[in-house]
Amino acid sequence: MMMMISEGARWAWLGGAYLILMANIAASETVGSPQVPAMFVFGDSLVDNGNNNYLSSLAKANYYPYGCDFNGGPSGRFTNGRTIVDMLGALLGLPYLPAFANPTTVGNRILGGVNYASAAGGILDETGQNFGQRFSLSQQVVNFETNLDELRRMMSGANLTQYLAKSVAILVFGSNDYINNYLLPTSSYSSYTPRDYANLLLNRYARQIVALHSVGLRKFLLAGIGPLGCIPNQRASGRAPPGRCVDSVNQMLGSFNEGLKSLVDQLNARYQGAIFLYGNTYAAFGDILNNPATYGFKVIDTACCGIGRNQGQITCLPFAVPCANRNDYLFWDAFHPTEAANAILAWRAYLGPPNDCYPINLQRMALL
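Worth saying up front: this structure is predicted, and the values here are computed from it rather than measured. (Residues numbered from 1 in each chain as written. Predicted model: local features only at pLDDT ≥ 70, side-chain atom pairs only at ≥ 80, totals over all residues. Heavy atoms only, no water.)

1. What to know about the packing of helix α2 (residues 84–91) against helix α10 (residues 339–351)
Here's step 1: It is the contact of α2 with α10, at a shortest axis distance of 8 Å, that shows an interaxial angle of 45 degrees. Classed by the angle they form, the pair α2 and α10 counts as oblique. Here α2 runs over α10; the crossing is right-handed. Taking contact as the criterion, the partners of Ile84, Met87, Leu88 and Leu91 in α2 are, on α10, Glu339, Asn342, Ala343, Leu345, Ala346, Trp347, Ala349 and Tyr350.
Here's step 2: Of the residues contributing to the contact of α2 with α10, the split by class is 10 nonpolar, one polar and one charged. (Axes fitted to C-alpha atoms, helices over the stretch in contact; angles between N-to-C directions. Helix = DSSP H or I, 4+ residues; strand = E, 2+ residues; numbered from the N terminus. Parallel < 35°, antiparallel > 145°, perpendicular 65-115°, else oblique. Left-handed = near helix turned anticlockwise from the far one by under 90°. Contact = heavy atoms within 4.5 Å. Nonpolar A, V, L, I, M, F, W, Y, C, P; charged D, E, K, R; others polar.)

2. Examining empty space enclosed by the protein
If you roll a probe as big as a water molecule over the atoms, it shows you where there is empty space left.
Here's step 1: What the rule picks out here adds up to three cavities of 30 Å³ or more.
Here's step 2: Quantified by volume, the largest cavity comes out at close to 60 Å³.
Here's step 3: What lines the largest cavity is simply Met39, Asn49, Val85, Asp86, Gly89, Ala90, Leu94, Pro95, Tyr96, Leu97 and Asn115.
Here's step 4: Ranked by residues supplied to the lining of the largest cavity, first place goes to α2 with four residues.
Here's step 5: In the lining of the largest cavity, the residues fall into seven nonpolar, three polar and one charged. (1 Å grid on protein atoms, 1.4 Å probe; cavity = no way out; pocket = protein on both sides within 12 Å on 5 of 7 lines; lining within 4 Å. Points joined across faces, edges and corners; volume = space filled by probe spheres on them.)

3. Topic: the pattern of salt bridges
Here's step 1: Evaluation of the coordinates by the stated rule reveals seven salt bridges.
Here's step 2: Arg348 is the partner of Asp287 in a salt bridge, and the nearest nitrogen-oxygen pair spans 3.0 Å. Placement of Asp287 in helix α9 (residues 281–290) and of Arg348 in helix α10 is noted, with a sequence separation of 61 residues between them.
Here's step 3: Note on Asp287: relative accessible area 16%, which makes it buried.
Here's step 4: We classify Arg348 as buried; its relative accessible area is 3%.
Here's step 5: Among the ionic contacts, a cluster of salt bridges with common partners joins Asp287, Arg348 and Asp356. (Salt bridge = Lys/Arg side-chain N within 4 Å of Asp/Glu carboxyl O. Buried < 20%, exposed > 50% of the residue type's maximum accessible area, 1.4 Å probe, protein only.)

4. A closer look at the layout of surface pockets
Here's step 1: Quantified by volume, the largest pocket comes out at close to 830 Å³.
Here's step 2: Looking at the largest pocket, it is lined by 49 residues, and the ones nearest its centre are Asp44, Leu46, Ser175, Phe335 and His336.
Here's step 3: Broken down by secondary-structure element, the contributors of at least two residues to the lining of the largest pocket are α2, β2 (168–172), α5 (175–182), β3 (219–223), α9 and α10.
Here's step 4: Here the lining of the largest pocket is built from residues that sort into 30 nonpolar, 15 polar and four charged.

5. Details of the pairing of strand β4 (residues 275–279)
The side chains of a regular strand alternate between both faces of the sheet.
Here's step 1: The element β4 is extensively covered by neighbouring structure, given that five of its five residues are classed as buried.
Here's step 2: Across the two faces of β4 the burial is the same, with Ile275, Leu277 and Gly279 and Phe276 and Tyr278 all buried.
Here's step 3: Sheet topology note: the β3/β4 ladder contains five bridges and is parallel. In the strand pairing of β4, Ala223 is matched with Gly279. (Pairing = 2+ DSSP bridges.)

6. Thoughts on the nonpolar core
Here's step 1: Phe40, Leu88, Leu171, Tyr178, Tyr205 and Phe256 are the most contacted members of the largest nonpolar core, which has 103 residues in total.
Here's step 2: Formed by 13 residues, the second largest nonpolar core is a distinct cluster that contains Tyr66, Phe78, Ala119 and Ala120. (Core = buried A, V, L, I, M, F, W, Y, C linked by side-chain atoms within 4.5 Å.)

7. Here's the deal with the packing of helix α6 (residues 194–214) against helix α8 (residues 247–270)
Two quantities define a packed helix pair, namely the angle between the helix axes and the distance between the axes.
Here's step 1: Running from amino to carboxyl end, α6 crosses α8 at an angle of 35 degrees, the nearest separation of the two axes being 9 Å. For α6 against α8, the interelement crossing comes out right-handed. Counted together, Pro194, Arg195, Ala198, Leu201, Leu202, Tyr205, Ala206, Ile209 and Val210 of α6 and Met252, Ser255, Phe256, Gly259, Leu260, Leu263 and Leu267 of α8 form the full contact between these two elements.
Here's step 2: Tallied by class, the residues present in the contact of α6 with α8 amount to 13 nonpolar, two polar and one charged.

8. Notes on the sheet that holds strand β1 (residues 39–43)
Here's step 1: Judged by pairing direction, the sheet is mixed, and its five strands sit side by side in the order β1-β2-β3-β4-β5 without closing on themselves. Strands with a single pairing partner mark the edges of an open sheet, and in this sheet they are β1 and β5 (357–358).
Here's step 2: Of the pairings in the sheet, the one linking β1 to β2 comprises five bridges and is parallel in character. Note on β2: the bridge partner recorded for Gly43 is Val172.
Here's step 3: Its contacts with the sheet place helix α3 (residues 137–154) against β1 and β2, and it is angled at close to 155 degrees to β1.

9. Looking at the packing of aromatic side chains
How two aromatic rings sit relative to each other is set out by the distance from centre to centre and by the angle between their planes.
Here's step 1: Here the structure, examined in full by the defined rule, presents 20 aromatic pairs.
Here's step 2: Centre to centre, the rings of Phe42 and Phe144 are 5.9 Å apart; their planes meet at 70 degrees, and the pair counts as edge-to-face. Placement of the pair is Phe42 in strand β1 and Phe144 in helix α3, with a sequence separation of 102 residues. Each of the two residues, Phe42 as well as Phe144, counts as buried. (Phe/Tyr/Trp six-rings, centres within 6.5 Å; stacked < 30°, edge-to-face > 60°.)

10. Let's talk about unusual backbone geometry
Here's step 1: Between Tyr64 and the following residue, Pro65, the backbone shows a cis peptide bond with an omega angle of 15 degrees.
Here's step 2: Inspection of the secondary structure puts Pro65 in the loop between β1 and α2.
Here's step 3: In this model, Tyr358 is joined to Pro359 through a cis peptide bond whose omega is 0 degrees.
Here's step 4: Here Pro359 shows up in the loop between β5 and α11 (362–367).
Here's step 5: Phi at Ala120 is positive, roughly 80 degrees, even though this residue is not glycine.
Here's step 6: Here Ala120 shows up in the loop between α2 and α3.

This is the structure in structure tokens:
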């Protein structure tokens, strides 16, 4: 007789597996031999690993307490330790990626992939302009093409074609297009309905994804937007009762996330020989919010560092003293998850069922 395992029990087991994963990653930058030639990361502060260090931007994380648990200290990552793409890279057997804007990211250093992500960057070029310089999605694609020119000089045509086809592109966009655009009182898109705004974002997004496909990339993971109404910044806005998420913000994200999953279906049908995945960040993060103890979290509504109501107004101030028990916290600052949360999200994208990563998980895609 087949024994049925409840969803909670299944993820309780995965929570234990995650602790083993953390121990493995702590011992090394990688877990096993490389499964793909390279990983190219496009996105915002959730996955920025130091690009904004080299830009004239207010959105920087190259100071303590950021990186207090990262080997080497503050690096420009907007968390206490590693980001989700650091974890995914380790699972794929790859070392930490170099940041595109770092002047030393040249030559052989780009062969294992490059991180183009930029804090405050969005799908729309104007998103995040209140923070100063940032690489928007379109600029990140241009930056990738700069590296592609360099790769062409380093590899023959056939080798480059195979290299790009086997490599993985991870895109993490959309959060800033809401937090630092649509939800701002000064937004030029305030007259748009949530559905119209989501359609605008998805149309712009699709153009750049197709552009990346046209130059040779064939394996894509497109991350959905998490429940922004539950981040400390939004909880502190006064638009929801104490202890509650801002439901109106979470609801408006449905159009984008549902549309992104539909876009994945369209792209998979249109481009034979390529594979596009939808990372269901909203569901994965929502499961942690609904079952925090299952994952070892004790605090889900307050940031580990920050100021203001619910410690949710801003990012961490320089040299602020963060909470001591960081693995108990879901959120590191007003906007970003802790390293412990990033590890769980990475684990679910890499090994999870279709509800976490659709239509297959990252591990299966890497093997194709």
